[in-house]
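One-letter residues, chain by chain:
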Amino acid sequence: MPEIIALLVGGLALVVAAVAGLYLWPVGRSGLRVAPARPLDFDTATRAAAAIIAAETADPEVRPESRSRLLSHGSRTGRAVLLLHGYTLAPEQYERLAEEFFDNGYNVWVPRAPRHGTVDRRAHHRVEAGELTTYAAQGWAVAAALGDEVGVVGISGGAVLAAWLAQVPGNVVRHLLLLSPFFAPNPRQAPAYAVKPLITLYGRRVLRDRVTSRGYSLAAVTQYLTIARTLPKPPRRTGLRSAAVAISPLDGVVDLRAAVDVPRRIADANAIPLRVCTLPETLGVEHNTLNLAALGAEGDELRRLYVALYEGAPAPEPDPTPTHR
């Protein structure tokens, strides 16, 4: 449904004389450059995580099920992972996958994004790009102290933040898994030529915010697109050891070509292969590739597949024959 296009056209009618300026206006923001955090030790990192969780527990605005989550084995492990949830969602999105990683020996940190997981279901409309990159950097500072080899998993907007972290100088992100990454909107929602005007008009809040039928604020989603536009070109070589992406052909939110092309360039810069998993249409999974509860055993298989993709290990494609009803 070309809903975003219609909203954009309506907005552009108000500023038609400035169309050329929309394309010339730079979308990068210096505020997205986050200074490297001081390395933490395990005890300091776990205390920091506990303090975040305690503050969220005491905050009546944060929904109990949406608080940040630390799954710890009680000491630094050989492997740890940072899980970054998607736009409009919260840490509970990762509940089953976080347990899968934990059961495989990982320490796991799942921080709540700013303005997400609150009783005010519209609070995320006000999120800013600088808040998101600061949140990602702080999440990485904790996760990096939890294990010897650390990586990031992100979904949708969280996948943009995961890719951003993997390209920040000084971060030692060894493994990267991107689920339904939102590097660009699906062309049926907004064609490529409309993205920069969207970022300028709504991301900079020149125009009054609009909300789509999915509950997506244009002012908010363009914050993630702004961050995507700041990824270095060409990508940096950072010591990444594995990179993978999982997408669904039924995803009507993201540009599936960009979802693969962006991580492929990052993988190429690090001289590693990019593993790409395209979920079978018969599974019925759309944009939220973690929404697997209805799949039963097939959902468990997919979660195991995601861990294998993250680790860079050989993994079979999921069985395309559905067993659920």
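Coordinates for the structure precede this section.
My aim in this report is to walk through the structure given alongside it, one point at a time. Bear in mind that the values here come from a model prediction, so they are computed numbers and not experimental data.

## Here we look at the overall build of the protein chain
- Per the secondary structure count, the protein chain includes 10 helices and seven strands.
- Expressed as a percentage of the 325 residues in the protein chain, the buried residues total 53%.
- In the protein chain, the proportion of contacts linking residues at least 24 apart, taken out of those at least 6 apart, comes to 78%.
- Summed over all atoms, the accessible surface of the protein chain reaches about 14100 Å², with 55% contributed by carbon and sulfur.

## Brief notes about unusual backbone geometry
- That bond from K233 to P234 is cis: its omega, -5 degrees, falls within 30 degrees of zero.
- Tracing the sequence through the fold places P234 in the loop between helix 8 (218-229) and strand 6 (242-247).
- For R115, which is not a glycine, the phi torsion comes out positive at approximately 70 degrees.
- Within the element layout of this structure, R115 appears in the loop between strand 3 (107-110) and helix 5 (129-143).
- Taking relative accessible area as the criterion, R115 reaches 31% and is therefore assigned partly exposed.
- In this structure, A271 takes a positive phi of about 55 degrees despite not being glycine.
- Note on placement: A271 falls in the loop between helix 9 (256-269) and strand 7 (274-278).
- Looking at A271, the relative accessible area reads 57%, which means it is exposed.

## Some remarks on the sheet that holds strand 4 (residues 147-155)
- In spatial order, the strands read 1-3-2-4-5-6-7; together these seven strands make up an open sheet with mixed pairing. Each edge of the sheet is formed by a strand with only one pairing partner; in this case those strands are strand 1 (69-71) and strand 7. Across the sheet, the mean angle from the axis of one strand to that of its neighbour is 15 degrees, orientation sign disregarded.
- Looking at chain direction, strand 2 (residues 77-84) and strand 4 are connected through seven bridges and run parallel. Within the sheet, the bridge partner assigned to L82 lies in strand 4 and is V152.
- The strands touched by helix 9 within the sheet are strand 5 (175-179), strand 6 and strand 7, with strand 6 carrying the most contacts at an inclination of about 175 degrees.

## Some words on helix 6 (residues 157-167)
- Burial analysis of helix 6 places 11 of its 11 residues in the buried class, which makes it a mostly covered element.
- For helix 6, the complete set of buried residues consists of G157, G158, A159, V160, L161, A162, A163, W164, L165, A166 and Q167.
- Against strand 2, helix 5, strand 4, strand 5, helix 8 and helix 9 lie the buried residues of helix 6.

## Side note on the pairing of strand 6
- Of all six residues in strand 6, six are buried; the element is thus mostly enclosed.
- Here strand 6 runs beside strand 7; their pairing, made up of five bridges, is parallel. Pairing of I247 across the sheet is with T278, part of strand 7.
- Once you follow strand 6 into helix 9 and on to strand 7, the crossover reads as right-handed.

## Description of the packing of helix 5 against helix 6
- For the pair helix 5 and helix 6, the least separation of the axes is 10 Å and the interaxial angle reads 65 degrees. Read as a crossing pair, helix 5 and helix 6 show a hand that is right-handed. Counting all contacts with helix 5, which are made through L132, T133, Y135, A136, A137 and W140, the residues of helix 6 involved are L161, W164 and L165.

## A look at the pattern of salt bridges
- The tally for this structure, following the rule as stated, stands at 11 salt bridges.
- Taking the shortest distance from any N to any O, the salt bridge between E131 and R115 comes out at 3.1 Å. Of this pair, E131 sits in helix 5 while R115 sits in the loop between strand 3 and helix 5, placing them 16 residues apart in sequence.
- Using a relative accessible area of 27% as the deciding quantity, one classes E131 as partly exposed.
- Linking E149 and R241 is a salt bridge whose minimum nitrogen-to-oxygen distance equals 2.4 Å. Here the residue E149 occupies a position in strand 4, and R241 occupies one in the loop between helix 8 and strand 6, the gap between them amounting to 92 residues.
- Put simply, R63, E65 and E92 are held in one network by salt bridges that share partners.

## What about the environment of R265?
- As for its position among the elements, R265 is in helix 9.
- Relative accessible area serves as the criterion here: at 43%, R265 is assigned to the partly exposed category.
- In this structure, the C-alpha to C-alpha distance between R265 and P234, residues 31 residues apart in sequence, is 7.7 Å.

The rules behind these values
- Residues numbered from 1 in each chain as written.
- Predicted model: local features only at pLDDT ≥ 70, side-chain atom pairs only at ≥ 80, totals over all residues.
- Heavy atoms only, no water.
- Helix = DSSP H or I, 4+ residues; strand = E, 2+ residues; numbered from the N terminus.
- Buried < 20%, exposed > 50% of the residue type's maximum accessible area, 1.4 Å probe, protein only.
- Contact = heavy atoms within 4.5 Å.
- Areas by Shrake-Rupley, 256 points an atom, 1.4 Å probe, with all protein chains shown as cover.
- Pairing = 2+ DSSP bridges.
- Axes fitted to C-alpha atoms, helices over the stretch in contact; angles between N-to-C directions.
- Right-handed = clockwise from strand over helix to strand, strands pointing away.
- Left-handed = near helix turned anticlockwise from the far one by under 90°.
- Salt bridge = Lys/Arg side-chain N within 4 Å of Asp/Glu carboxyl O.

Distances and angles like these do not, on their own, reveal function.
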